[in-house]
Amino acid sequence: MTTRLDHSRIRREVKKYYQYVMFSHRWEYGEPLFRKVQNISIYGLESSPPNIKLQKFCKLIRSLGFQWVWSDTCCIDKKDNVVLQESLVAMFTWYRGSSLTIVYLRGVRSHSQQPGALRKSIWNTRAWTYQEYVAAQTVQFYTEDWEPYLGLAMFNHKESPAIVTEMEQASGVSAQELAVLRPGLERVREKLFLASMRQTTLVEDTAYSLLGIFNVAIPVIYGEGDRAVGRLLEHILTGSGDVTILAW
């Protein structure tokens, strides 16, 4: 007797099981790094604001029915230059492929939040979170006490008119324009304009945070300073032929 396998169902179940959720947040001092959590449960970490943030993120995701999560603080071995290089280039694709991205708004409390808190939040000033929001197709915003921002009950907060308005005000770009941004060398000036309003702790990250958005790969060399931006612009200019980017 031969048993027929339902390959379509198997693919659906496997895909469902391996759905993953990404974390978008502003880094803080003392974040748990890869080698710190490599061989222990995150719930065994000492009590600190960054550790509690990671633990509550994971608990939230389990409550939503997902099995897999990714946080840049502890899911990239930054001591391994090859892994770091590959991760920075692939970051946009990873966020785009996620089933959900959770945005954590440090400094925004649920009991005092009003429309406009997202627009003015520190999360909305950081370079890395720019590509994370653009790439992610489904997003939920949470306050620092882990309540949905503005009490939103919908699964995808990107569909909320209130969120759309705040993100348009923060970026100066319409939601429609943000939605159609894709990795690559198209709409170069628009992408650079959006990036120019964001901040980084390390000057090199001004360039490295854009590798996925432009779908380019340049060597990651922390310590080179502004030369990282020059190398990125040179690469973009060579690939796109758009000399107007020099006025950025």
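Up top is the structure.
Residues numbered from 1 in each chain as written. Predicted model: local features only at pLDDT ≥ 70, side-chain atom pairs only at ≥ 80, totals over all residues. Heavy atoms only, no water.

### A word on the layout of surface pockets
Empty space left among the atoms is revealed by rolling a probe the size of a water molecule over them. Here is the rule: Here a cavity denotes a set of grid points, spaced 1 Å apart and computed over the protein atoms alone, in which a 1.4 Å probe fits but from which it cannot get out, and a pocket denotes an open set meeting protein on both sides within 12 Å along at least five of seven lines; residues with an atom within 4 Å of a point are reported as lining. Grid points are joined across faces, edges and corners, and a volume is the space filled by probe spheres set on the points. Each helix is a run of H or I in the DSSP string that is no shorter than four residues. Each strand is a run of E no shorter than two, and both are numbered from the N terminus. Amino acids outside the nonpolar list (Ala, Val, Leu, Ile, Met, Phe, Trp, Tyr, Cys, Pro) and the charged list (Asp, Glu, Lys, Arg) are all regarded as polar, and Gly is one of them.
For the largest pocket, the calculated volume is near 570 Å³. As for the largest pocket, its lining consists of 21 residues, of which W27, K78, W128, D205 and Y222 are closest to the centre. Listed by contribution, the elements that provide at least two residues to the lining of the largest pocket are α4 (81-97) and α6 (127-135). Of the residues that constitute the lining of the largest pocket, the class distribution is nine nonpolar, five polar and seven charged.

### Section: the environment of E46
What counts here: Each residue is assigned to one of three classes by its accessible area relative to the maximum for its type, calculated with a 1.4 Å probe on protein chains only: buried under 20%, partly exposed between the two thresholds, exposed over 50%. Between two residues, a contact is recorded if the distance between any of their heavy atoms is within 4.5 Å.
Tracing the backbone shows E46 in the loop between α2 (34-37) and α3 (49-63). What makes E46 partly exposed here is its relative accessible area of 46%. Other than its neighbours up to four places away in sequence, E46 contacts K36 and N51.

### Quick notes on the pairing of strand β4 (residues 139-143)
We apply this condition: Two strands pair if DSSP finds at least two bridges between them.
Of all five residues in β4, five are buried, a share of seventy percent or more. Burial along β4 is two-sided: the residues V139, F141 and T143 and Q140 and Y142 are all buried. Taken together, the five bridges between strand β3 (residues 100-105) and β4 define a ladder with parallel strand orientation. Looking across to β4, one finds that Y104 is bridged to Y142.

### What about the pairing of β3?
Counting buried residues in β3 gives six out of six residues, a clear majority hidden from the surface. Going residue by residue along β3, you find L100, I102 and Y104 tucked away on one face and T101, V103 and L105 tucked away on the opposite face as well. Alignment of strand β1 (residues 20-24) against β3, held across four bridges, turns out to be parallel. Each residue of the ladder has a partner; that of M22, found in β3, is T101.

### Some details on the pattern of salt bridges
Under the convention used in this document: Salt-bridge detection follows one rule: a side-chain nitrogen of Lys or Arg within 4 Å of a carboxyl oxygen of Asp or Glu.
This model, assessed by the stated rule, comprises nine salt bridges. R187 is the partner of E190 in a salt bridge, and the nearest nitrogen-oxygen pair spans 2.7 Å. The class of R187 is partly exposed, set by a relative accessible area of 33%. Residue R231 is joined to E224 by a salt bridge in which the shortest nitrogen-to-oxygen separation is 2.4 Å.

### Topic: the side chain of H157
Just so we agree on the cut-off: We define a polar contact as two N or O atoms separated by no more than 3.5 Å, with the added condition that, inside protein, one atom must be a possible hydrogen donor and the other a possible acceptor, whereas residues neighbouring each other in sequence contribute only through side-chain atom pairs.
Along the polypeptide, H157 turns up in the loop between β4 and α7 (161-171). Taking relative accessible area as the criterion, H157 reaches 1% and is therefore assigned buried. At a separation of 2.9 Å, a polar atom in the side chain of H157 contacts the main-chain amide nitrogen of F141. The residues contacting H157, other than those within four sequence positions of it, are V139, Q140, F141, P148, L152 and I163.

### Overview of the sheet that holds strand β2 (residues 68-70)
Here is the rule: Here an axis means a line fitted to C-alpha atoms, over the contact stretch when the element is a helix, while the angle between two N-to-C directions is reported on a 0 to 180 degree scale.
Read across the sheet, four strands follow the order β2-β1-β3-β4 without closing on themselves; strand pairing throughout is parallel. The open sheet has two edge strands, β2 and β4, and neither has a second partner. Across the sheet, the axes of successive neighbouring strands diverge by a mean angle of 25 degrees, strand direction being ignored.

### Remarks on the packing of aromatic side chains
As a reminder of what qualifies: Ring pairs are drawn from Phe, Tyr and Trp, using the six-membered ring of Trp, whenever the two centres fall within 6.5 Å, and their geometry is named by plane angle: stacked under 30 degrees, edge-to-face over 60, tilted for the rest. Both a distance and an angle decide whether a charge sits over a ring: NZ of Lys or CZ of Arg must be within 6 Å of the ring centre and within 35 degrees of the ring normal.
Throughout the structure, instances matching the rule amount to 14 aromatic pairs. Considering the side-chain rings of Y17 and Y18, the 4.9 Å spacing of their centres and the 90 degrees angle between planes classify their relative orientation as edge-to-face. A residue is classified by how much of its surface remains accessible, and Y18, at 49% relative accessible area, is partly exposed. The interplanar angle of 80 degrees and the centroid separation of 6.2 Å between the aromatic rings of W123 and Y133 together place this pair among those described as edge-to-face. Of the two residues, W123 is situated in the loop between α5 (117-120) and α6 and Y133 in helix α6; the sequence distance between them amounts to ten residues. Exposure remark for W123: the relative accessible area of 1% places this residue in the buried category. Residue classification places Y133 among the buried residues on the basis of a relative accessible area of 9%. Here a set of aromatic residues connected by ring pairs shows up, and it is made of F23, F57, Y104, Y142 and W146. The lysine or arginine in question, K158, covers the ring of Y133, its NZ or CZ lying 4.4 Å from the ring centre.

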